[in-house]
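# Coordinate inspection notes
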Amino acid sequence: MLTGKVALVTGASRGIGSEIARTLAAKGATVIVNYNGSAAKAAEVVAEIEAAGGKAEAIQCNVADFAQAGEMISGIIKQYGSLDILVNNAGITRDGLVMKMSEEDFDAVLSTNLKGAFNCIRHSARQMIKQRGGRIVNISSISGIRGNAGQANYSASKAGIIGLTKAAARELASRGITANAVAPGFIVTEMTDALSDEMKEKMLENIPLRRYGTTKDIANAVAFLASDEAGYITGQVLSVDGGMA
Ligand code: NAP
């Protein structure tokens with residue numbers, strides 16, 4: 001159980017992040033539902049959590065912005081007195097072949113997916129060190145492990161997340177803080193809806209468990225890594241991908 005814990009889930013207005021928020025709240029955590037543009041959807045997630053008897057609050061913040069991430073996190077610590085669980089889930093795609101990819105598309109994906117996670121870790125670490133404990137879970141991707149054609153920016157950002165996770169794990173371990181990554185395979189969300197039917201079918205052929213993943217598959221793994229029971233696991237990358245990687 002996560003009773004009494006305060007959790008920040010970035011990009012929790014939709015998809016995987018919203019499921020992680022609901023799952024952590026169901027286990028007793030007070031959950032900050034971060035969003036960037038989808039205010040109404042974030043409010044719905046909060047309402048669902050509250051209707052189920054949980055505690056949640058929505059906070060707007062573009063995690064790619066260092067100062068905004070700092071304001072969000074200092075505000076949470078001020079209001080709730082602690083920050084126990086940080087889930088860096090916010091992510092975007094701007095797919096294209098590497099030889100045609102614009103500088104803007106490369107930078108945008110790196111800024112949100114990788115720098116966004118750094119920003120939130122950077123601003124949370126001091127509080128977790130003070131508390132002598134914390135859980136950081138970063139959402140990587142199978143694209144960061146294997147690389148994916150048409151996703152040079154995204155794959156680089158998700159491979160970067162793995163390096164960031166491992167370095168943070170080593171730096172923060174002596175203070176009882178763990179940092180791990182979850183690497184989803186093909187999960188049904190708005191992000192994957194954007195792929196062509198041909199690409200989706202091709203993906204299915206490569207999934208040993210012969211089904212796409214659900215947001216719940218990812219949320220369950222994150223909830224475990226965020227729990228006290230996972231206290232001796234750090235610096236790991238847990239693939240949740242039906243056996244793809
Ligand atoms: P999604 O449905 O597109 O949702 C993305 C979420 O990220 C939204 O809540 C969005 O908030 C938020 N977000 C985007 N930019 C942000 C920013 N600058 N600041 C704060 N929040 C921001 O994506 P998803 O499929 O759930 O993916 C979630 C994570 O899992 C991502 O990191 C993704 O790379 C990773 N992943 C997904 C899959 C998959 O198959 N779906 C596979 C591997 C990894 P707003 O709507 O409010 O802007």
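In this text the structure is predicted, and so the values were computed from the model without any measurement.

### So, the pattern of salt bridges
Counting across every chain of the model gives seven salt bridges. Here Arg-22 and Glu-19 are joined by a salt bridge, their closest N and O atoms 3.0 Å apart. With a gap of three residues between them, Arg-22 and Glu-19 both fall in helix α1 (residues 15-26), about one helical turn apart. A salt bridge links Asp-217 to Arg-211; its shortest N-O distance comes to 2.9 Å. Residue Arg-211 is classed as partly exposed on the basis of its relative accessible area of 44%. Through salt bridges that share partners, Glu-19, Arg-22, Glu-48 and Lys-216 make up one connected network.

### Looking at the sheet that holds strand β6 (residues 177-184)
With parallel pairing, the seven strands of this open sheet are ordered in space as β3-β2-β1-β4-β5-β6-β7. Lying at the two open borders of the sheet, with one neighbouring strand each, are β3 (55-60) and β7 (237-240). When the angles between neighbouring strand axes are averaged without regard to direction, this sheet yields 20°. Sheet analysis places β6 next to β7, joined by four bridges and oriented parallel. Bridge pairing links Ala-183 to Ser-239 in β7. Helix-sheet contacts for helix α2 (residues 39-51) involve β2 (30-35) and β3, and the interaxial angle to β3 is about 170°.

Scoring rules and cut-offs
Residues numbered from 1 in each chain as written. Predicted model: local features only at pLDDT ≥ 70, side-chain atom pairs only at ≥ 80, totals over all residues. Heavy atoms only, no water. Salt bridge = Lys/Arg side-chain N within 4 Å of Asp/Glu carboxyl O. Helix = DSSP H or I, 4+ residues; strand = E, 2+ residues; numbered from the N terminus. Buried < 20%, exposed > 50% of the residue type's maximum accessible area, 1.4 Å probe, protein only. Pairing = 2+ DSSP bridges. Axes fitted to C-alpha atoms, helices over the stretch in contact; angles between N-to-C directions. Contact = heavy atoms within 4.5 Å.

Treat this as a map of the structure, not an account of what it does.
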